[in-house]
Amino acid sequence: MSKKVLVLPGDGIGPEITEQAVKVLKRLSDEGAIDIEMEEALVGGAAYDAEGSPLPESTMQLAREADAILLGAVGGPQYDDLPRDKRPEKGLLGLRSGLGLFANLRPAMLYPQLAHASSLKPEVVSGLDILIVRELTGGIYFGQPRGIRTLENGEREGFNTYVYSESEIKRIAHVAFQAAQKRNKKVTSIDKSNVLEVTELWKEVVTEVAKDYPDVTLEHMLVDNAAMQLVRWPKQFDVMLTGNMFGDILSDEASMLTGSIGMLPSASLNEENKGMYEPSHGSAPDIAGQDIANPLATILSAAMMLRYSLGAEDQAARIEQAVSKVLDQGLRTADIWTEGTQKVSCSAMGDAVVAAL
Ligand code: NAD
Ligand code: IPM
Ligand code: MN
């Protein structure tokens, strides 16, 4: 029976980059290599403009019914002054929490062809292969209470709550250790236990979970040091286990090790391995509508979708090989362009990946 894929292009470069990933999926499905039905819906600012909500109930319903979701990106400066509930980002956070997508996998893998596109020296990044396992439905993003309140002296105060329960920490830790077992068997758990109680508990619970995985080495690292180590000697890492906000920040940092934020895909999974797949970057309003964005993070996210939610490992690998082939051909979008390579548009990059399949 065919699997249902919901496509949510979103805002900014979202529609341009998802179009390229959809081309790739459509080619595989036209060939009969995968059996999927794709449907499109609105999310983020696009949904707010059309329906007054960044996550209309109709979109949420389709998301619940889908076997997997492919999302572009949401957000834009024109929405930044809306009440928080109406903002595009709320649509994305609503999908994550509504579908229980607690495990965000962000692989930072350097394609050897891009060693010179990174802002770090080639010898520092060559062979880089890190997996960031980021908790996605808890932490300071969702903790209560939160808000902006007026104090007795008339001054205002903003506040958020950084909270994790033992069960939330346990389930994301298991994801990280199981991933490490299939990789280089090392987990680096990121915390700020020297200051924050919530991450003191994080460290304690992760240490306890590690006992179930004697074949995996566990290391703890303070987040400030981790940010430094990522650019000092990133190859020391295998799996990095983080809370929601630390993972958000460290994954953007890690993306530059792979050449560009336009190269970093992601998968967000729930307990049933239902997933939403999206590039790690945002809607890039500064380059939207110009057909110059890098669609590879989105195309690689579609590959992760085939691997994790649609049981098509062989076709996922085929997409990844096609991306590698296109890089071998010297084709580069502007963000990964280096001397001696050929600059191509977003849509030309998508076409090239389809041709290379
Ligand atoms: P951003 O990731 O959109 O852009 C940061 C920089 O990276 C920009 O210079 C942009 O041009 C560049 N960039 C990003 N993706 C690129 C790509 N595929 N190809 C080439 N260059 C690329 O981050 P930002 O500017 O801080 O945020 C813009 C908006 O996106 C905000 O509204 C933010 O909330 C939203 N956002 C959404 C998501 C998401 O939907 N998952 C993620 C991050 C940010
Ligand atoms: C990401 C984004 C989101 C996040 C925003 C847009 C809510 O930055 O997916 O990395 O912070 O999780
Ligand atoms: Mn982010």
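Not measured: the values here are computed from a predicted model.

Turning our eyes to something else, we now look at unusual backbone geometry. Excluding glycine, residues mostly carry a negative phi; peptide bonds, for their part, are mostly trans. The amide bond that connects Gln144 to the next residue, Pro145, takes the cis arrangement and shows omega of -5°. Along the chain, Pro145 turns up in the loop between β5 (129–135) and β6 (147–150). Non-glycine residue Asp291 carries a positive phi angle of around 60°. Following the sequence through the fold, Asp291 ends up in the loop between β12 (275–277) and α10 (296–308). By the C-beta count within 10 Å, which is 16 here, Asp291 ends up partly exposed.

As a further point, take the site of ligand 2. Within the structure, ligand 2 sits among Gly75, Glu89, Leu92, Leu93, Asp248, Ser280 and Gly282. Ranked by residue count, the leading element in the shell around ligand 2 is helix α4 (residues 88–98), at three residues.

For the rest of this paragraph, the subject is the environment of Val323. Position of Val323 relative to the elements: it lies in helix α11 (residues 313–328). Overall, the presence of 23 C-beta atoms within 10 Å leaves Val323 in the buried class. Distance from Val323 to Leu296, taken between C-alpha atoms, is 7.4 Å for residues 27 residues apart in sequence. Residues within four places of Val323 in sequence aside, it is in contact with Leu296, Ile299, Leu300 and Val353.

Another point: the site of ligand 1. Close to ligand 1 lie 22 residues; Gly75, Gly262, His281, Gly282 and Asn294 are nearest. Partitioned by chemical class, the residues of the shell around ligand 1 number eleven nonpolar, seven polar and four charged.

Attention shifts here to the UniProt feature "site: Important for catalysis" (unreviewed entry) in the protein. In the numbering adopted here, UniProt assigns the feature "site: Important for catalysis" (unreviewed entry) to Tyr141 and Lys192. The residue Tyr141 is located in the loop between β5 and β6 in this model. Ignoring sequence-local partners within four residues, the contact set of Tyr141 consists of Leu93, Asn244 and Met245. Counting through the fold element by element, Lys192 comes out in the loop between β8 (186–191) and α7 (197–210). Accessibility expressed as a C-beta count within 10 Å gives 18 for Lys192, which makes it partly exposed. Beyond its immediate chain neighbours, meaning those up to four positions away, Lys192 contacts Thr199, Leu222 and Val223.

Our focus in this paragraph is helix α9 (residues 244–255). The terminal C-alpha atoms of α9 lie 17 Å apart, and with twelve residues this matches the ideal 16 Å at 1.5 Å per residue to within 8%. Buried residues of α9: Asn244, Phe246, Gly247, Leu250, Ser251, Ala254 and Ser255, and no others. Buried positions in α9, seen along its axis, are confined to an arc of 155° and lie on one side of it. Buried residues along α9 sit against β4 (103–109), β5, β8, α8 (223–232) and β10 (239–242).

Moving on to the sheet that holds strand β9 (residues 217–222). Strand order in the open sheet formed by ten strands is β2-β1-β3-β12-β11-β4-β5-β10-β8-β9, and the pairing between neighbours is mixed. Two strands in the sheet have a free side with no partner beyond their single neighbour: β2 (36–40) and β9. Going across the sheet, the axis of each strand differs from the next one's by a mean of 20°, ignoring polarity. Where strand β11 (residues 267–269) meets β12, three bridges bridge the pair, whose relative direction is antiparallel. Residue pairing for β12: Ala267 is matched across the bridge by Tyr277. Lying over the sheet, helix α1 (residues 14–30) contacts β1 (3–10), β2 and β3 (68–73), oriented at roughly 145° with respect to β3. The sheet contacts of α7 involve β8, β9 and β10, and relative to β8 the element is tilted by about 165°.

Definitions and limits used
- Residues numbered from 1 in each chain as written.
- Chains lettered and ligands numbered in written order.
- Predicted model: local features only at pLDDT ≥ 70, side-chain atom pairs only at ≥ 80, totals over all residues.
- Helix = DSSP H or I, 4+ residues; strand = E, 2+ residues; numbered from the N terminus.
- Buried ≥ 20, exposed ≤ 12 C-beta atoms within 10 Å, placed from the backbone.
- Near = placed C-beta within 6 Å.
- Contact = placed C-beta atoms within 7 Å.
- Nonpolar A, V, L, I, M, F, W, Y, C, P; charged D, E, K, R; others polar.
- UniProt positions renumbered as here; feature names shortened; annotations may be inferred.
- Expected span 1.5 Å × (residues − 1).
- Arc of directions from axis to C-beta.
- Pairing = 2+ DSSP bridges.
- Axes fitted to C-alpha atoms, helices over the stretch in contact; angles between N-to-C directions.

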